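Residue strings, one per chain:
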Amino acid sequence: MNLTQKTDFFGITEMKIGVKLLFNKWEGYSDNANDIINMFEHENKHYSDIKEMGLNKFLKIFNTAHGKKYLERRAIEKMINHESFDKCSDRYKLGVYKYAVENGYGIISKVKIKQLPLK
Ligand SMILES: [Zn+2]
């Protein structure tokens, strides 16, 4: 997530949340609608956290390594629990699981077990 805030000459504050195609980094884009829906759920969770705790407190937590991982885990949990996740591409899910591990998860609780190829 990339969060920027700027206040213009007239005192109007604009806030932007940038969505990085983090979970599709092998290709840089996705043609799976569920991947895209699910990605926005991640950013939605950050946004609802900002609304709930206020921007200043959010940034104070987000700007520490431990706090950033905590907030990322909250957003990852939202993604994995969202109805779109089961329909996401395997590549996307793998990216989410990898990101979960990078942010402090040791165990992945929900993994689809693939069938062995038929001989
Ligand atoms: Zn995030």
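Structure first, text after, so check above.
None of the values given here were measured: they were computed from a predicted structure.

Trainee: Even after reading the chapter, I still don't get the environment of Lys 78, so can you show me in this structure?
Mentor: Positionally, Lys 78 belongs in helix α3 (residues 65-81). A count of 19 C-beta atoms within 10 Å places Lys 78 in the partly exposed class. It is 10.0 Å that separates the C-alpha atoms of Lys 78 and Met 39, two residues lying 39 residues apart in sequence. In contact with Lys 78, other than residues within four places in its own chain, are Glu 41, His 42 and Lys 45.

Trainee: Looking at this model, I keep getting lost on the packing of helix α1 (residues 33-53) against α3. Mind explaining?
Mentor: A pair of packed helices is characterised by two quantities: the angle between their axes and the separation of those axes. In contact at an axis separation of 8 Å, α1 and α3 are set at 135° when each is read in the N-to-C sense. In terms of axis orientation, α1 runs oblique to α3. The handedness of the crossing between α1 and α3 comes out as right-handed. Within the contact between the two elements, α1 uses Asn 38, Glu 41, His 42, Lys 45, His 46 and Asp 49 and α3 uses Leu 71, Arg 74, Ala 75, Lys 78 and Met 79. Among the residues forming the contact of α1 with α3, the class breakdown is three nonpolar, three polar and five charged.

Trainee: Explain the nonpolar core here, please?
Mentor: The nonpolar side chains of a soluble globular protein tend to be buried with one another. The biggest cluster of nonpolar side chains holds eight residues, and these are Leu 71, Ala 75, Ile 76, Met 79, Cys 88, Tyr 92, Val 96 and Ala 100. At the level of elements, α3 and α4 (90-102) are the ones that each hand at least two residues to this core. Here this core takes four residues from α3, the largest share from any one element.

Trainee: Would you explain the environment of Glu 83 in this entry?
Mentor: Structurally, Glu 83 can be placed in the loop between α3 and α4. Distance in space between the C-alpha atoms of Glu 83 and Ile 37 is 9.8 Å, their sequence separation being 46 residues.

Trainee: Looking at this model, I keep getting lost on α3. Mind explaining?
Mentor: Note on helix geometry: an α-helix contains 3.6 residues per turn, so any two residues three or four positions apart are oriented the same way. Its 17 residues place the ends of α3 24 Å apart at the C-alpha level, agreeing with the 24 Å of an ideal helix rising 1.5 Å per residue. Restricting attention to buried positions, one finds in α3 the residues Leu 71, Glu 72, Ala 75, Ile 76 and Met 79. Along α3, the residues classed as buried sweep out an arc of 145° about the axis, all on the same side. What points out from α3, more than 90 degrees from its buried face, is the exposed set His 66 and Asn 81. Tucked into the core, α3 has its buried residues touching α1, α2 (55-62) and α4.

Criteria and thresholds
- Residues numbered from 1 in each chain as written.
- Predicted model: local features only at pLDDT ≥ 70, side-chain atom pairs only at ≥ 80, totals over all residues.
- Helix = DSSP H or I, 4+ residues; strand = E, 2+ residues; numbered from the N terminus.
- Buried ≥ 20, exposed ≤ 12 C-beta atoms within 10 Å, placed from the backbone.
- Contact = placed C-beta atoms within 7 Å.
- Axes fitted to C-alpha atoms, helices over the stretch in contact; angles between N-to-C directions.
- Parallel < 35°, antiparallel > 145°, perpendicular 65-115°, else oblique.
- Left-handed = near helix turned anticlockwise from the far one by under 90°.
- Nonpolar A, V, L, I, M, F, W, Y, C, P; charged D, E, K, R; others polar.
- Core = buried A, V, L, I, M, F, W, Y, C linked by C-beta atoms within 7 Å.
- Expected span 1.5 Å × (residues − 1).
- Arc of directions from axis to C-beta.

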